[in-house]
Amino acid sequence: MHIASVEKLALTATGSPLLIKCKTFLCVTFVIPRERDCHDVFLTVQQLSQPMTIEELYCFQYTSCSDEVPKKSGWAYFDLHAEYQRMGAPNELWCLTTINKEYEICDTYPQYLFVPVTASTPVLVGSSRFRSKGRLPVLSYLHKNKAAICRCSQPLSGFSARCVEDEQLLNCILRANQSGKFMYVVDTRPRINAMANRATGKGYENENFYENIKFHFLGIENIHTMRNSLSRLIDASKLKVPSVNAFLNGLESSGWLKHIKAILETSYFIANAISDGTNVLVHCSDGWDRTAQTCSLACLLLDPYYRTIVGFQALIEKEWLAFGHKFTDRCGHVQGDVREVSPVFTQFVDCVWQLMQQFPSKFEFNERYLLNLHDHVYSCQFGTFVGNCEKDRLDLRLMDRTYSLWGYISSHIREFVNPLFKEEENGPEVVCPNLIPQAIKFWRGMYNRFENGVHPRENFMDLLSAAKDHSSSLEDHVQLLEKRISMLSELLGHADTPSKDIDSVINDSSMAESGSESENSGLFRSRDVRLRTSPGSHNNRHSYVSVVSDAESGFEDSKDNMSPQSVDSRLKNEGNALPTVDQLTEEINSVALNWKSLRNMRECICSTPFDHFSRKYHCWKCGDVFCMRCIDKNVSLPGHLSRQPVPVCRPCYKEIARSLSVETP
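Computed from a prediction, not measured in an experiment: that's the story for all the values here.

## Describing the overall build of the chain
Moving on, step 1. The helix and strand inventory of the chain stands at 24 helices and 16 strands.
Moving on, step 2. Per-residue burial over the chain gives 51% buried out of 665 residues.
Moving on, step 3. Of the contacts made within the chain by residues no fewer than 6 positions apart, 71% connect residues no fewer than 24 positions apart.
Moving on, step 4. Of the accessible surface of the chain, which amounts to about 31,500 Å², a share of 52% is contributed by carbon and sulfur atoms.

Written out as C-alpha cells, the structure reads:
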C-alpha cells in the first residue's frame, strides 16, 4: 500500500486537516469541514492502509482494465536455471545441489542452489547449521574469468565457536577458482556491529580458523539507522519554509548520501576483486538486506546484461526475490513490527540511479523505469514483490492469483527505454564509478517528485525520446516512399508511352490484370524519375510525375517489352503488390510529418493535467500530444515500411480501423 501514515492535525477555522504521507514521498493534506467526518475518514484510511493479513492486499483483488496483459504474462520471464546457465554454471567446478529442494535446509533460499563440486552433502549441511537462518555460502554470480561472488549469512561463532564443515566449504569455494590464491570475505557491517553480535552467539569468522582468506569490514549501517536516515531526509525535503541553508543542513544531518556512498563503495570493492580474478564471499547479519544490495550492484557493475531491461529484471529476481529479501516486512505491506520496516530496496534503486547519472549510455532503462519499479514494490498492485521469500510466494500461489509487474512493463516498454543507451560490443564491460563525495547526488526526481516548483519545464529524457521516435517514424516512412518510387519508376520505364501520367499507366496495368483474371503485382526499381509536388500537395491526389524519355533513362523501346501483357508478366514474376493511387494517398497521409512540441503543453484533450512526472505521448499518425489514457492503442500505419505497431490516439485508431474494414471484403 502506498500510504505510509495518516495523521490528524490541529483543528483550524476552515475545518479539520488530515495529513496523508505516502511511501512514494507524496504528502497530501485534506481539510474536512466537520471534525467528526474527518475522524471517520481517518479511521477508514488507517484501516485500509494497514491490512492484517497478506490475503487482504490489493493484488488479490486487482483486475487489469485491458485484455492486452493477461494474468499469466510476466510470471514465466525468469528462470533461475537459465540464468545460471547463461553465466556458465553448472560446469566442472560448480554444480547444482538439491539438498534444499523442499526448503529443508533453508526456507528463505531458493530450492535449487549452486555450490562447488568438491563440497559434499555433509559439508553443506554442517555449514548451514553454523550460519544464521541456515543461509550457507552458495554461488550468486560467476564471472567469465571464473571468479565468483558467493553469499551467505553471519556465522554462529559467538566468541570462540568454530565449524569444520564451514571452514571446508569456504576452502572449496576458494579452490573453485583455479587462478585465485586467496579469497575475500566481505562483511558489509561496521566492525563494532559485528562484534556486538558476538554477545548473542553470532558474529563473524575467526581469521585463525580460515586459511588463505582475507576479511574486510565495509561499514554499511543496519536497517534501523537507514530508516531514521530516510525520515530525516524526507523532513529536509518537505520544509514548510525552505531555504538553502536549512535544506543543506538537513540533507547533511540525515546522512542519506553518506549511506548511499558506503553501499556503492562496498559494491565497487566486490566488483573490482572479481574483475581481478579473486573470489568474494559476501554477508551481513542474515544475508538478505545489505548482502542483496551489494551483490546485485556488483553484478550491475560487472555484467552489461544486467544493465538491460530484461537483465535488470533477472537480477532482481535472482538477488532479491529468489534469495529471500523480506519485501513484506521491509516495505510494511501488512501490520507488523515497525522496527522491521526499512528502505533497503529504495537505497538500491537510488544507487542504480547514481550509476545512471555517471554512465547515461550504459543502461537500457531510464529514470521512469526505476520510479515505476520503486512505486510498485510498495503499491501491492502486482504480486511480484509480495511475500518474504520464494517459499512464501509459492504458498500464496501468486502466479495463479495475481498479475506480474514484468508483464505490465513489457506491455509499456516504450515508456521505459533510455534513448541514450548504446550497446558496446568491444568496449570495457566493467563500469568504474566515481565515488568522491561530490559525485553522489540528491535524487530530486524521487524525493521531490511531486514538488512542482523544483523541476525543469520539460523532462530532458522525454524530449529526447520524442525526438528519437519522430526520427524513427520519418525514417520508416521514407523507406516506404523510396520503395514506392522504385515501383513507379520501373512501371513508367517499361510503359509504351513514357509521358503517360500515373493514373493512365496504373489503369492500363489494371486492365491487363482483369483480362487475365490474375492479381497485379510487381516491384519497380528507380531509374531516373523526378517527383514534382506542388507546395502543400503531399496530402492530396494532385501530385504528378515527370519522366524522361527512354533514351535518356537508358531504356530501349520495344513493343514486346512494353505491352500490357508483358508488364503484367513482369509484375507476376516479381511477386509484389502494386498499390493503387488511393492506397498511395492513404500511405502518404497516414504518417504525421510534423509533431507538436511538448513544451507548454499544460493538459491533454481529456483535461488531464500534465506535470513533470507524467509522460506525454505523441500520436504517430496525427502528431498531437496525449496522456497515457488517450493513447492506449497500437496499430500498424500504412505509411510505414516495417508495419510495426506504433502508438496512436483513439480517433486515429478508429479511422484506421474503419479504413481496414472497408478494404476487407
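Back to the text.
## Focus on the packing of helix H12 (residues 344-358) against helix H13 (residues 367-379)
Moving on, step 1. Across the interface, H12 lies against H13 with an axial gap of 10 Å and an inter-helix angle of 180 degrees. Here H13 runs roughly antiparallel to H12, going by the angle between their axes. Residues Phe345, Thr346, Val349, Val352, Trp353 and Met356 of H12 pack against Glu367, Leu370, Leu373, His374, Val377 and Tyr378 of H13.
Moving on, step 2. Split into classes, the residues belonging to the contact of H12 with H13 amount to 9 nonpolar, 2 polar and 1 charged.

## Regarding the sheet that holds strand S6 (residues 138-142)
Moving on, step 1. With mixed pairing, the 5 strands of this open sheet are ordered in space as S6-S7-S10-S8-S9. Looking along the sheet, the strands with just one partner apiece sit at the ends: S6 and strand S9 (213-217). Neighbouring strand axes in the sheet, compared pairwise and without regard to direction, differ in orientation by 25 degrees on average.
Moving on, step 2. Across 3 bridges, strand S7 (residues 148-151) lies against strand S10 (residues 280-283) in parallel orientation. If you follow Ile149 over to S10, its bridge partner there is Val280.
Moving on, step 3. Each of S7, strand S8 (183-187), S9 and S10 touches helix H4 (residues 164-175); the most contacted strand, S8, lies at about 125 degrees to it.
Moving on, step 4. Sitting on the sheet, helix H8 (residues 256-275) touches S7, S8, S9 and S10, and the angle it makes with S8 is about 170 degrees.

## Concerning the packing of aromatic side chains
Moving on, step 1. Tallied over the entire structure, the rule returns 32 aromatic pairs.
Moving on, step 2. Between Tyr204 and Phe217, the aromatic rings sit 5.1 Å apart at their centres with planes inclined by 90 degrees, giving edge-to-face as the arrangement. Of the two residues, Tyr204 is situated in the loop between helix H5 (191-197) and S9 and Phe217 in strand S9; the sequence distance between them amounts to 13 residues.
Moving on, step 3. Residue classification places Phe217 among the partly exposed positions, given a relative accessible area of 22%.

## Examining the pattern of salt bridges
Moving on, step 1. One pass over the full model with this rule turns up 26 salt bridges.
Moving on, step 2. Between Arg131 and Glu205 there is a salt bridge whose closest N-O contact spans 2.8 Å. Note that Arg131 is positioned in the loop between helix H3 (121-130) and S6 and Glu205 in the loop between H5 and S9, a separation of 74 residues in sequence.
Moving on, step 3. Two residues, Glu265 and Lys261, come together in a salt bridge whose shortest N-O distance is 2.3 Å. With Glu265 and Lys261 both in helix H8, this residue pair falls 4 residues apart, about one helical turn.
Moving on, step 4. According to the relative accessible area criterion, Glu265 is partly exposed, its value standing at 35%.
Moving on, step 5. Look at the salt bridges and you will find they share partners, linking Asp289, Lys326, Asp329, Arg330 and Glu340 into a network.

## Brief notes about helix H23 (residues 581-589)
Moving on, step 1. The set of residues buried in H23 consists of Val581, Leu584, Thr585 and Glu587. Down the axis of H23, the sector holding all buried residues measures 160 degrees, keeping them to one side.

## Comments concerning unusual backbone geometry
Moving on, step 1. In this model, Ala89 is joined to Pro90 through a cis peptide bond whose omega is 5 degrees.
Moving on, step 2. Relative to the helices and strands, Pro90 is located in the loop between helix H2 (80-87) and strand S4 (94-97).
Moving on, step 3. Its identity is not glycine, yet Asn212 carries a phi of approximately 55 degrees, on the positive side.
Moving on, step 4. Position of Asn212 relative to the elements: it lies in the loop between H5 and S9.
Moving on, step 5. The backbone of Arg397 sits at a positive phi, close to 55 degrees, despite the residue not being glycine.
Moving on, step 6. Residue class for Arg397 comes out partly exposed when judged on its relative accessible area of 47%.

## Things to note about the nonpolar core
Moving on, step 1. Of all hydrophobic cores here, the largest spans 114 residues; its most connected members are Ile149, Phe312, Val352 and Leu370.
Moving on, step 2. By residue number, the principal contributor to this core is H8, which donates 10 residues.
Moving on, step 3. Residue contacts for Ile149: discarding those within four places in its chain leaves Val138, Leu139, Ser140, Tyr141, Ile270, Ile274, Val280, Val282, Cys295, Ala298, Cys299 and Leu302.

## Quick notes on helix H6 (residues 223-237)
Moving on, step 1. Here H6 spans 21 Å end to end across 15 residues, near enough to the 21 Å set by a 1.5 Å rise per residue.
Moving on, step 2. Restricting attention to buried positions, one finds in H6 the residues Ile223, Met226, Ser229, Leu230, Leu233, Ala236 and Ser237. End-on view of H6: buried residues confined to an arc of 135 degrees, all on one side of the axis.
Moving on, step 3. Those residues of H6 hidden inside the fold are in contact with helix H7 (244-254), H8, helix H11 (327-330), H12 and helix H17 (444-447).
Moving on, step 4. For H6, the N-terminal capping position is held by Asn222, with its side-chain oxygen 3.2 Å away from the main-chain nitrogen of His224.

## Points about the state of the cysteines
Moving on, step 1. Taken as a whole and judged by the stated rule, the model has 0 disulfides.
Moving on, step 2. The thiol of Cys627 is unpaired, and the distance to the nearest cysteine sulfur, on Cys606, comes to 3.6 Å.

## Describing the pairing of strand S2 (residues 16-22)
Moving on, step 1. Within S2, 6 of the 7 residues are buried, leaving the element largely enclosed by the surrounding structure.
Moving on, step 2. Bridge count between strand S1 (residues 3-8) and S2: 5 bridges; the pairing is antiparallel. Within the sheet, the bridge partner assigned to Ser5 lies in S2 and is Lys21.
Moving on, step 3. Examined bridge by bridge, S2 and strand S3 (residues 27-32) share 6 bridges and lie antiparallel to one another. Pairing of Pro17 across the sheet is with Val31, part of S3.

About the criteria used
- Residues numbered from 1 in each chain as written.
- Predicted model: local features only at pLDDT ≥ 70, side-chain atom pairs only at ≥ 80, totals over all residues.
- Heavy atoms only, no water.
- Helix = DSSP H or I, 4+ residues; strand = E, 2+ residues; numbered from the N terminus.
- Buried < 20%, exposed > 50% of the residue type's maximum accessible area, 1.4 Å probe, protein only.
- Contact = heavy atoms within 4.5 Å.
- Areas by Shrake-Rupley, 256 points an atom, 1.4 Å probe, with all protein chains shown as cover.
- Axes fitted to C-alpha atoms, helices over the stretch in contact; angles between N-to-C directions.
- Parallel < 35°, antiparallel > 145°, perpendicular 65-115°, else oblique.
- Nonpolar A, V, L, I, M, F, W, Y, C, P; charged D, E, K, R; others polar.
- Pairing = 2+ DSSP bridges.
- Phe/Tyr/Trp six-rings, centres within 6.5 Å; stacked < 30°, edge-to-face > 60°.
- Salt bridge = Lys/Arg side-chain N within 4 Å of Asp/Glu carboxyl O.
- Arc of directions from axis to C-beta.
- Core = buried A, V, L, I, M, F, W, Y, C linked by side-chain atoms within 4.5 Å.
- Expected span 1.5 Å × (residues − 1).
- Polar contact = N/O pair within 3.5 Å; in protein donor to acceptor, adjacent residues only side chain to side chain.
- Disulfide = S-S within 2.5 Å.

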